[in-house]
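Structure at a glance
The residues making up each chain are set out below.
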Amino acid sequence: MDKQLEEVVFDHLHATAFQGQPLGRTILGPTENIRSIKREHLIEYIKTNYTADRMVLVGAGGVPHKQLVELAEKHFANLPSAPPTKQASAVAAAQKAKPDFIGSEVRIRDDTLPTAYIAIAVEGVSWKDPDYFTALVAQAIVGNWDRAMGSSPYLGSKLSTFVHQHNLANSFMSFSTSYSDTG
């Protein structure tokens, strides 16, 4: 993962924007954690986080409701309804607090790389917010561009045309990442 710099920059972005909070941690975890993970760590994680109060079961298509309920009871009835220990409950409760977006900056310079990877973010909206779809429209308006797309004057946005004409970047992409309580 560390070799995919387009992804690493977003790990740094989250770590900076949500410092000291669960949302600021990389999905995969630090490399040293991945290398040292043991079976009992995974079991403890599942016991803490895979509880009935944190799950939703959805059926789509031609699934009769009665059959879905029977399958759910058969396969999920024994799931605990809460984390198994007070410590695990505290961890789960801490994850429910709304993260604070912290405007800040981090620069990790590596002059051996021929290209800079830059990410800029502002606090966005949650997927529950009434402006969620407005944020997605804004993302679509800014769009994405890559030099490999060619030099057509009809590149999709004035920004992409400007970036191409002035040789400002090899590519750019807009993104809108929304969570249950922030974005």
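Structure report, in brief. Predicted model only: the values in this text are computed from it and were never measured.

On to the overall build of the chain. A count of helices and strands for the chain gives 7 helices and 2 strands. Helices (α) and strands (β) of the chain occur, in sequence order from the N terminus, as α-α-α-α-α-α-β-α-β. In terms of overall size, the chain is more extended than a compact globule, its C-alpha atoms giving a radius of gyration of 22 Å where 183 residues would be expected to give roughly 16 Å. By its C-alpha atoms, the chain is 60 × 45 × 25 Å across when sized along the principal axes. Counting the 183 residues in the chain, one finds 17% classified as buried. Counting every atom, the chain has about 14200 Å² of accessible surface; 58% of that belongs to carbon and sulfur. Across the chain, the 17 positively charged side chains and the 19 negatively charged ones have centroids separated by 5 Å.

Moving on to the packing of aromatic side chains. Per the stated rule, a full pass over the model turns up 5 aromatic pairs. Considering the side-chain rings of Tyr 132 and Phe 133, the 5.0 Å spacing of their centres and the 75 degrees angle between planes classify their relative orientation as edge-to-face. Judged by relative accessible area, which is 59%, Phe 133 ranks as exposed. Cation over ring: Lys 128 sits above Trp 127, and NZ or CZ is 5.6 Å from the ring centre.

This part is about a nonpolar patch on the surface. A cluster of nonpolar side chains, contributed by Tyr 45, Ile 46, Tyr 50 and Met 55, occupies part of the molecular surface with about 410 Å² of accessible area. Here Tyr 45 lies in helix α3 (residues 39-49).

In this fold, Gln 21 is placed in the loop between α1 (5-17) and α2 (31-36). The exposure class assigned to Gln 21 is buried, which follows from its relative accessible area of 14%. For Gln 21, the residues in contact, after removing those within four places along its chain, are Pro 99, Asp 100 and Ile 102.

Let's shift gears to the pattern of salt bridges. One pass over the structure, following the stated rule, counts 3 salt bridges. Residue Glu 123 pairs with Lys 98 through a salt bridge whose shortest N-O separation is 3.3 Å. You can see Glu 123 sitting in the loop between α5 (86-94) and α6 (132-142) and its partner Lys 98 sitting in the loop between α5 and α6, a full 25 residues away along the chain. A residue is classified by how much of its surface remains accessible, and Glu 123, at 38% relative accessible area, is partly exposed. A salt bridge links Arg 109 to Asp 111, with the shortest nitrogen-to-oxygen separation between them at 2.8 Å. Like Arg 109, the residue Asp 111 is exposed in the burial classification.

Conventions used here
Position numbers for residues start from 1 in each chain and track the written sequence from start to end. Local features in this predicted model are restricted to residues of pLDDT 70 or higher, and side-chain atom pairs are both shown and tallied only at a pLDDT of 80 or more, whereas totals for entire chains, interfaces and linings draw on every residue. Side-chain metrics rest on all non-hydrogen atoms present in the structure, leaving aside hydrogens and water. By the criteria applied, helices consist of DSSP H or I runs no shorter than four residues and strands consist of E runs no shorter than two, each listed in order from the N terminus. Only the C-alpha atoms count toward the radius of gyration. The rule for a globule is 2.2 Å times the residue count to the power 0.38. A 1.4 Å probe rolled over the protein chains alone gives each residue an accessible area, and that area as a share of the maximum for its type sets the label: buried under 20%, exposed over 50%, partly exposed in between. Values of accessible area rely on a 1.4 Å probe in the Shrake-Rupley scheme; residue burial ignores everything except the protein chains shown. Positive charge is attributed to Lys and Arg, negative charge to Asp and Glu, and no charge count is given to His or to the chain ends. Here the site of a charge means NZ on Lys, CZ on Arg, CG on Asp, or CD on Glu. When two rings of Phe, Tyr or Trp (its six-membered ring) have centres within 6.5 Å they constitute a pair, described as stacked for plane angles under 30 degrees, edge-to-face for angles over 60, and tilted for the intermediate range. Sitting over a ring, as applied to charges here, requires NZ of Lys or CZ of Arg to be within 6 Å of the ring centre and within 35 degrees of the ring normal. Patch membership needs two things, relative accessible area over 30% and no salt bridge, and members are linked within 9 Å if like-charged or within 5 Å if nonpolar (Val, Leu, Ile, Met, Phe, Trp, Tyr). In what follows, salt bridge is the name for a side-chain nitrogen of Lys or Arg lying within 4 Å of a carboxyl oxygen of Asp or Glu. The criterion used for residue contact is that any of the two residues' heavy atoms lie within 4.5 Å.

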